[in-house]
Amino acid sequence: MKVLFVGDICGRPGRQAAQTLIPELRRELDLDFVIANGENAAGGVGLTPDILQEFLQQGVDAVTSGNHIWDKRDIFKCIDAEPRLLRPANYPSGTPGRGWGVFETPFARIAVVNLAGRVYMPPVDCPFRAADEILRQIGSKADLIVVEMHAEATSEKKALGYYLDGRVACVVGTHTHVQTADEQVLPQGTVYLSDLGMTGADNSILGMDKDIVLQKFLTGLPVRFEVASGAASLCGFYVDFDLRRKCVHEFRRIQKAL
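Because the structure is a prediction, the values reported are computed rather than measured.

**Comments concerning helix α3 (residues 127–138)**
Then, number 1: Look at α3: 16 Å from first C-alpha to last across 12 residues, which is about the 16 Å you get at 1.5 Å a residue.
Then, number 2: Of the positions making up α3, those classed as buried are Pro-127, Ala-130, Ala-131, Ile-134, Leu-135 and Ile-138. Buried residues in α3, looked at end-on, bunch into an arc of 135°, giving them a common side. Exposed side chains of α3 directed beyond 90 degrees from the buried face belong to Arg-129 and Arg-136.
Then, number 3: Structurally, α3 contributes buried residues whose contacts are with β5 (100–104), β6 (109–116), β7 (144–150) and α4 (154–164).
Then, number 4: Of the residues flanking the end of α3, it is Gly-139, one or two places downstream, whose phi is positive at about 50°.

**Description of the environment of Ala-36**
Then, number 1: Inspection of the secondary structure assignment puts Ala-36 in strand β3 (residues 33–37).
Then, number 2: The spatial distance from the C-alpha of Ala-36 to the C-alpha of Ala-18 is 9.2 Å, given a sequence separation of 18 residues.
Then, number 3: Those residues in contact with Ala-36 that sit more than four places away from it in its chain are Val-6, Ile-9, Val-60, Ala-62, Val-63 and Thr-64.

Scoring rules and cut-offs
- Residues numbered from 1 in each chain as written.
- Predicted model: local features only at pLDDT ≥ 70, side-chain atom pairs only at ≥ 80, totals over all residues.
- Heavy atoms only, no water.
- Helix = DSSP H or I, 4+ residues; strand = E, 2+ residues; numbered from the N terminus.
- Expected span 1.5 Å × (residues − 1).
- Buried < 20%, exposed > 50% of the residue type's maximum accessible area, 1.4 Å probe, protein only.
- Arc of directions from axis to C-beta.
- Contact = heavy atoms within 4.5 Å.

In structure tokens form, the structure reads like this:
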């Protein structure tokens, strides 16, 4: 089963890259399932119902998110009704939306779990204990379980990878917008990558206008960040799971220019 994880889609350049490149990659890689992080898609922070529908129409099967999922109030109109949209599962009980889902494909049932870190991040419940409870609930409902950890600290992501090693098929990280080069199979067989990277403007600082960000660093004064413009790329992670042998057949980072 061939799965593509797409790094944080940032603003209009990221959406344009996703619109063109995700369908291309579905054909080129013969993909069975696509997971994309969309929490920065609307103006660099947040997600709207219209943009969510664009992603789903472009070939994204599940949209994950993180700490910016609540930044556009319109998302509250659809987050409970759309099962393909996930927010971190370790938000407190009663938070709108859902943190994981099981999706049917022609080959297998894939469970996608969205978690958020706590180091240098807004306060949420423990992702490790949340993962334990989610795996208990999933039980035999899925043939394949993948986890996205939206977190700042690489150490926290790596710790979750080892914590879930052998219990899930894959753990990937998002949030930093910088793709890491540490893809590996952990000792018990779980595929791991600390960060997928960003889908957005190349000539930018994490997808934002570099001159505005530099002003912030140089002066320390408040500024309003704006999404950068220009050429864009898609970053992500491709994994081909061998369902019969319950192992990974192939995996590699993806970097594709628009």
